[in-house]
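Listed below are the residues making up each chain.
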Amino acid sequence: MRPVIVMTQTSEFNKKDTCILHKPFIDVEPLSFDLNLLDVNYDWLIFSSKKAVKHFQPYLPKLKIQKIAVIGEKTADYCKSLGLDVSFCPTDYSQEGFLEEFEAIKGSRILLPSSAAARTVLQNGLKQQDYLVRKIDLYKPVPHTVNINEVLNLIAENKVDAITFASSSAVRYFFESHQYIPFNNYFAIGQQTLDTLNIFNVQGTMSEIQTLESLVQKTLESWEDNAI
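Note that the structure is a prediction, hence the values are computed from the model and not measured.

Help me understand the sheet that holds strand S5 (residues 64–70), please; the structure alone is not making it clear to me.
Within a sheet, neighbouring strands are paired by backbone hydrogen bonds and run either parallel or antiparallel to one another. The sheet built from 5 strands is open, its strands ordered S3-S7-S6-S4-S5 with mixed pairing. Single-partner strands in this sheet number two, and they are strand S3 (26–30) and S5. Here the strands of the sheet are splayed against their neighbours by 30° on average, with no regard to which way each runs. Pairing of strand S4 (residues 41–47) with S5 involves 6 bridges; the strand directions are parallel.

What follows is the structure, given as structure tokens:
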């Protein structure tokens, strides 16, 4: 018998012979922005998530860009499925990893459309490297209360073995929804997400690689070790 794993990220993920319940804890609210920002000739367009690509796609025909960079394999694959050529994707799927590996001509114009709640590490780091950065707030995250309540009910019924998080926002929305959650088997992608778990005095296990595949594998390995 395999463990029941709740995955809380927006994008779906399936793995053969694994019982995965897809319950996103984050919903989004689109935001308006200054369309004049699209009239600039940009050297680079950077997408930090698949969601950013999806929400920015309607504006792509109006944009003049030279190259596209992304963070994450899934984001790169999604771009390619839309016919978008990806010129750069770091081996470390994080904002810090992107800054460490990205190279472009100093003074390059960069457009960064993303969530209004996105960490500012990438934006600030690019500016410090003497790039001209324009940030567009495409949408803002809001709690997916229906899914959160469903998972809380599953926990109360002992129908969940593990809960995974791929973002700090999902962690906050979950633990801010209820004063006490009688569960303690959490897994996270990335140090930032793990640190957010710790803020709520909750322990978690971090996947070695920042991918959903690695996250699920870490969950399965933990379950197998505890079952011995």
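Anyway, onward from the coordinates.
When you look at the packing of aromatic side chains in this model, what are you seeing that I'm missing?
Each aromatic ring pair is described using two quantities: the centre-to-centre distance and the angle formed by the ring planes. Across all of its chains, the model carries 18 aromatic pairs by this definition. Where Phe-165 meets Tyr-186, the ring centres are 5.9 Å apart and the plane angle is 35°; that geometry is what we call tilted. Of the two residues, Phe-165 is situated in strand S8 (residues 162–165) and Tyr-186 in strand S9 (residues 186–188); the sequence distance between them amounts to 21 residues. Classification of Phe-165 by relative accessible area gives buried; the value is 0%. Residue Tyr-186 is classed as buried on the basis of its relative accessible area, which comes to 2%. Considering the side-chain rings of Phe-183 and Tyr-186, the 5.4 Å spacing of their centres and the 75° angle between planes classify their relative orientation as edge-to-face. For the pair Phe-183 and Tyr-186, one class covers both residues: buried. Taken together, the ring pairs connect Phe-25, Phe-165, Phe-174, Phe-175, Phe-183, Tyr-186 and Phe-200 into an aromatic cluster.

Hey, could you run me through the packing of helix H6 (residues 168–175) against helix H7 (residues 191–199) in this one?
When two helices pack together, their arrangement is captured by the angle between the axes and the distance separating the axes. Axis separation between H6 and H7 bottoms out at 8 Å; the angle between their running directions is 20°. Here H6 lies roughly parallel to H7, going by the angle between them. Of the two possible hands of crossing, H6 and H7 adopt the one that is right-handed. Every residue of H7 that contacts H6 at Ser-168, Val-171, Arg-172 and Phe-175 is listed here: Gln-192, Thr-193, Thr-196 and Leu-197. Residue composition of the contact of H6 with H7, grouped by class: 3 nonpolar, 4 polar and 1 charged.

Help me understand the side chain of Ser-169 in this model?
Tracing the backbone through its elements, the reader meets Ser-169 in helix H6. Here Ser-169 falls in the buried class, since its relative accessible area comes to 12%. Here the side chain of Ser-169 touches Arg-172 through a polar contact of 3.2 Å, side chain to side chain. Those residues in contact with Ser-169 that sit more than four places away from it in its chain are Ile-26 and Pro-141.

What am I meant to see in the pattern of salt bridges here?
With the rule as written, the count across this model stands at 8 salt bridges. Here Lys-135 makes a salt bridge to Asp-137, at a shortest N to O gap of 2.5 Å. The salt bridge involving Glu-157 is made with Lys-159; its shortest N-O contact spans 3.1 Å.

Can you walk me through the environment of Ala-104 in this structure?
Residue position: Ala-104 is located in the loop between helix H3 (95–101) and strand S6 (109–115). Spatially, the C-alpha atom of Ala-104 lies 8.8 Å from that of Trp-44, the residues being 60 residues apart in sequence. Look past the residues within four positions of Ala-104 in its chain and what remains in contact with it is Trp-44 and Tyr-131.

Conventions we followed
- Residues numbered from 1 in each chain as written.
- Predicted model: local features only at pLDDT ≥ 70, side-chain atom pairs only at ≥ 80, totals over all residues.
- Heavy atoms only, no water.
- Pairing = 2+ DSSP bridges.
- Helix = DSSP H or I, 4+ residues; strand = E, 2+ residues; numbered from the N terminus.
- Axes fitted to C-alpha atoms, helices over the stretch in contact; angles between N-to-C directions.
- Phe/Tyr/Trp six-rings, centres within 6.5 Å; stacked < 30°, edge-to-face > 60°.
- Buried < 20%, exposed > 50% of the residue type's maximum accessible area, 1.4 Å probe, protein only.
- Parallel < 35°, antiparallel > 145°, perpendicular 65-115°, else oblique.
- Left-handed = near helix turned anticlockwise from the far one by under 90°.
- Contact = heavy atoms within 4.5 Å.
- Nonpolar A, V, L, I, M, F, W, Y, C, P; charged D, E, K, R; others polar.
- Polar contact = N/O pair within 3.5 Å; in protein donor to acceptor, adjacent residues only side chain to side chain.
- Salt bridge = Lys/Arg side-chain N within 4 Å of Asp/Glu carboxyl O.

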